[in-house]
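# Structural features, examined
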Amino acid sequence: MSDQNKSVQDKLGELTELVNWFQSSSFKLEDALTKFKEAEKLAENIEQDLTKLKNDIQVVKKRFDTEG
Amino acid sequence: MENVLLSVSDFVALVNQTLEYAYPTVSVQGEVSEYKLIQGKWVSFKLKDEQSVVNCFLGVHQMRMPIEDGMKVIVVAAAKLNPKGYFNLNVRAIKPVGEGSIKKGFELLKAKLEKEGLFAEDRKRALPTVPTHVGVITSTESAAYADFVKIINERWGGLRVDVAHTQVQGDPAPDQIIRAIRYFNSLEELPEVLIIIRGGGSAEDLSTFNDEPLARAIAESRIPTLVGVGHEVDHTLADMVADVRAATPTNAAQILVPDRREIIRSLKQQVTSVGSTVIQAIDQYKLQTSEHLSTIFRRIEEKVDDTFDRLESLKLVVAQLNPENILKRGYALVRGEQKIGSKLEIETLKNIIKAEVTDVRSK
């Protein structure tokens, strides 16, 4: 799935995973800078998504004042 | 008509025809007395005021709220003379009026639904943290709806919101809302949350949400429900049976979606915290490296010191072995063959003496 197609939720999940890596036993200083840059980029990306996303609000055509 | 002879049945039919033509429907207000439930299917009671009384009759399924003797109600009914000579009001709708009766009706229905477990905590379903598709039931002309939309748009994006426009007060409102609930529940692609909202109003306005069939429709919804009706102090049966109660329509929007500004703040905080973790790790590594280097230097220094100490000892030994030290003590060093006539060289501390061997004897 490309970054364009990922939902904000997916990206938030990825960021959480990245952040958890820094607290885990897998943490290695050699990889930390790359992972940090990745997290920073992802956070910026999510911020952009969150800022530009609009809600799609539609009033349904069906009428409810009568049965059927 | 006085010259027309009618049978009793014809007379009853004529009276009913006349009543139906003149008053197809009447709304009558009075106090309930002699309330009776017949075979669990029918309800009869008398509606009275200070001077008069009239019989009322209706099916149990037409009751939208329990009633009892002493309650003031309005009945919407058709007047009918039955073949046995009783004059009845065939009730189509009944609702309590006046603060006391509305409250009484509310308490009766609340007790009934509570007994059935409709308010039980273990029935409550959690709402998704971030829904992507929701259904809203409200009046799209209301200020409450405008507030709800404003807050949703401020807080979140990417949400699909399908809105069913219904009345939210007045007699037709409960059935319209029930139809909208059934509509959303019948969709192939169900919304993840069903939100029912209405702004503040009088007790009578909000009585729409204390309707028994509506409360049951909310409780039966396959889609988790979020109900925000009135102000914080208003409690309706609709919000008691809902999975989640919101204090107001604005609060419903706040419960429904997270605030993107808070998420952005939290993202920045997480990145900063990760940055601090990296810096701390680097500091830790630096400290460890520096400690290792110190240990190494200490070991080297110790080794060098040991070596110097050994050297000093050896120097002392070497010094003690220096022949000059022996010469200092008055001894001399003699070089040459130990035979008569040979030349000898005698070295003292300060002089070198040449001598000749004149005698050699064994000791």
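This write-up is about the structure you can find in this document. As the structure is a computational prediction, the values presented were derived from the model and not from experiment.

## Some points on the overall build of chain B
Helix and strand content of chain B: ten helices and 13 strands. Relative to a compact globule of 363 residues, whose C-alpha radius of gyration would be 21 Å, chain B shows 54 Å and is clearly more extended. Along the three orthogonal principal directions, the C-alpha set of chain B runs to about 200 × 40 × 35 Å. Classification of the 363 residues of chain B by burial places 38% in the buried group. Residue pairs at least 24 apart in sequence account for 61% of intrachain contacts in chain B once pairs closer than 6 positions are excluded. Within chain B, one finds 46 positive and 49 negative side-chain charges whose respective centroids are separated by 9 Å.

## A closer look at the layout of surface pockets
Residues and elements named next belong to chain B. One number sums up the size of the largest pocket: a volume of about 590 Å³. Forming the boundary of the largest pocket are 27 residues, of which Arg64, Lys95, Gly170, Asp171 and Pro174 lie nearest the centre. Of all the secondary structure elements, the ones that give two or more residues to the lining of the largest pocket are β4 (72-81), β5 (87-96), α4 (173-186) and α5 (203-206). Class assignment for the residues of the lining of the largest pocket results in ten nonpolar, seven polar and ten charged. Estimates place the volume of the second largest pocket at around 410 Å³.

What counts and how
Residues numbered from 1 in each chain as written. Chains lettered and ligands numbered in written order. Predicted model: local features only at pLDDT ≥ 70, side-chain atom pairs only at ≥ 80, totals over all residues. Heavy atoms only, no water. Helix = DSSP H or I, 4+ residues; strand = E, 2+ residues; numbered from the N terminus. Rg over C-alpha atoms; globule rule 2.2 N^0.38 Å. Buried < 20%, exposed > 50% of the residue type's maximum accessible area, 1.4 Å probe, protein only. Contact = heavy atoms within 4.5 Å. Lys, Arg positive; Asp, Glu negative; His and termini not counted. Charge placed at Lys NZ, Arg CZ, Asp CG, Glu CD. 1 Å grid on protein atoms, 1.4 Å probe; cavity = no way out; pocket = protein on both sides within 12 Å on 5 of 7 lines; lining within 4 Å. Points joined across faces, edges and corners; volume = space filled by probe spheres on them. Nonpolar A, V, L, I, M, F, W, Y, C, P; charged D, E, K, R; others polar.

Read these as geometric descriptors, not functional statements.
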